[in-house]
Amino acid sequence: MESTAHLRYIRMSPRKISTVAALVRGKPVEAALNILKFTPRAASAPVAKLIKSAVANATDKSKGQVDVDTLYVKTISVDQAPTQRRYMPRAMGRATRINKKSSHVHVVLAEAKK
């Protein structure tokens, strides 16, 4: 049984989130949440919330029949979302473009084989 959750349009660059996502890929859910709890990165809080959402989806989808202790992070992927473009005034009447990147994060939880 698999459970998915998606976090879309998060205002953080994909490069920053993917370093955090790599820490929990393939780990059991409990270990992944402990790792994220003690990771001093801004992206760890949204990723932890996403994994908790996927666990809730798993229990809801299976009507409580799934064992939460056997769930692990099967896949977690980070994709680039639309970039907001802003301009900052510079010297001599010029302007510099500032790209405010955003991300989509997708997680799939699965039950470990017994």
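Residues numbered from 1 in each chain as written. Predicted model: local features only at pLDDT ≥ 70, side-chain atom pairs only at ≥ 80, totals over all residues. Heavy atoms only, no water.

In the nomenclature of an unreviewed UniProt entry, the protein is known as Large ribosomal subunit protein uL22 of Hyalangium rubrum. According to the UniProt record, the Subunit (unreviewed entry) comment for the protein reads "Part of the 50S ribosomal subunit." Taken from UniProt, the Sequence similarities (unreviewed entry) comment for the protein reads in full: "Belongs to the universal ribosomal protein uL22 family." (UniProt positions renumbered as here; feature names shortened; annotations may be inferred.)

J.: Can you help me understand the pairing of strand β5 (residues 103-111) in this one?
T.: As a general feature of sheets, a regular strand has side chains that alternate between the two faces. Counting buried residues along β5, 7 of its 9 residues qualify, which places the element largely inside the surrounding structure. Across 7 bridges, strand β1 (residues 2-10) lies against β5 in antiparallel orientation. Paired with Glu2 across the bridge in β5 is Ala110. With 9 bridges connecting them, strand β2 (residues 71-80) and β5 associate as antiparallel partners. Looking at the pairing, Leu71 lines up with Glu111 of β5. (Buried < 20%, exposed > 50% of the residue type's maximum accessible area, 1.4 Å probe, protein only. Helix = DSSP H or I, 4+ residues; strand = E, 2+ residues; numbered from the N terminus. Pairing = 2+ DSSP bridges.)

J.: Is there a simple way to think about the sheet that holds β2 in this case?
T.: Strand pairing in a sheet takes place through backbone hydrogen bonds and is either antiparallel or parallel in direction. The antiparallel open sheet is built from 3 strands, whose spatial order is β1-β5-β2. Each end of this open sheet is capped by a strand with a single partner; those strands are β1 and β2. This sheet shows a mean twist of 15 degrees between the axes of neighbouring strands, independent of strand direction. Helix α1 (residues 14-24) contacts β1, β2 and β5 of the sheet and is inclined by roughly 165 degrees relative to β2. (Axes fitted to C-alpha atoms, helices over the stretch in contact; angles between N-to-C directions. Contact = heavy atoms within 4.5 Å.)

J.: Help me out: how do you make sense of the packing of helix α2 (residues 29-37) against helix α3 (residues 44-61) in this one?
T.: For any two helices packed against each other, the geometry is given by the interaxial angle and the distance between the axes. Viewed as axis vectors pointing N to C, α2 and α3 meet at an angle of 160 degrees, and their least axial separation amounts to 9 Å. Between α2 and α3, the interaxial angle falls into the category roughly antiparallel. In this structure, α2 crosses over α3, and the sense of that crossing is left-handed. Judged by residue contacts, Val29, Ala32, Leu33 and Leu36 of α2 engage Ser44, Val47, Ala48, Ile51, Lys52 and Val55 from α3. For the contact of α2 with α3, the per-class residue count stands at 8 nonpolar, 1 polar and 1 charged. (Parallel < 35°, antiparallel > 145°, perpendicular 65-115°, else oblique. Left-handed = near helix turned anticlockwise from the far one by under 90°. Nonpolar A, V, L, I, M, F, W, Y, C, P; charged D, E, K, R; others polar.)

J.: Even after reading the chapter, I still don't get the environment of Val24, so can you show me in this structure?
T.: Summarising the element assignment, Val24 is placed in helix α1. Sequence-wise, Val24 and Ile76 are 52 residues apart; in three dimensions their C-alpha atoms are separated by 8.2 Å.

J.: I tried to follow the pairing of strand β3 (residues 84-89) on my own but got confused; where do I start?
T.: Where β3 and strand β4 (residues 95-100) come together, 6 bridges link them in antiparallel fashion. Paired with Gln84 across the two strands is Lys100, which belongs to β4. Hairpin connection of β3 to β4: 5 residues between the antiparallel strands, including Met92 at a positive phi of 60 degrees.

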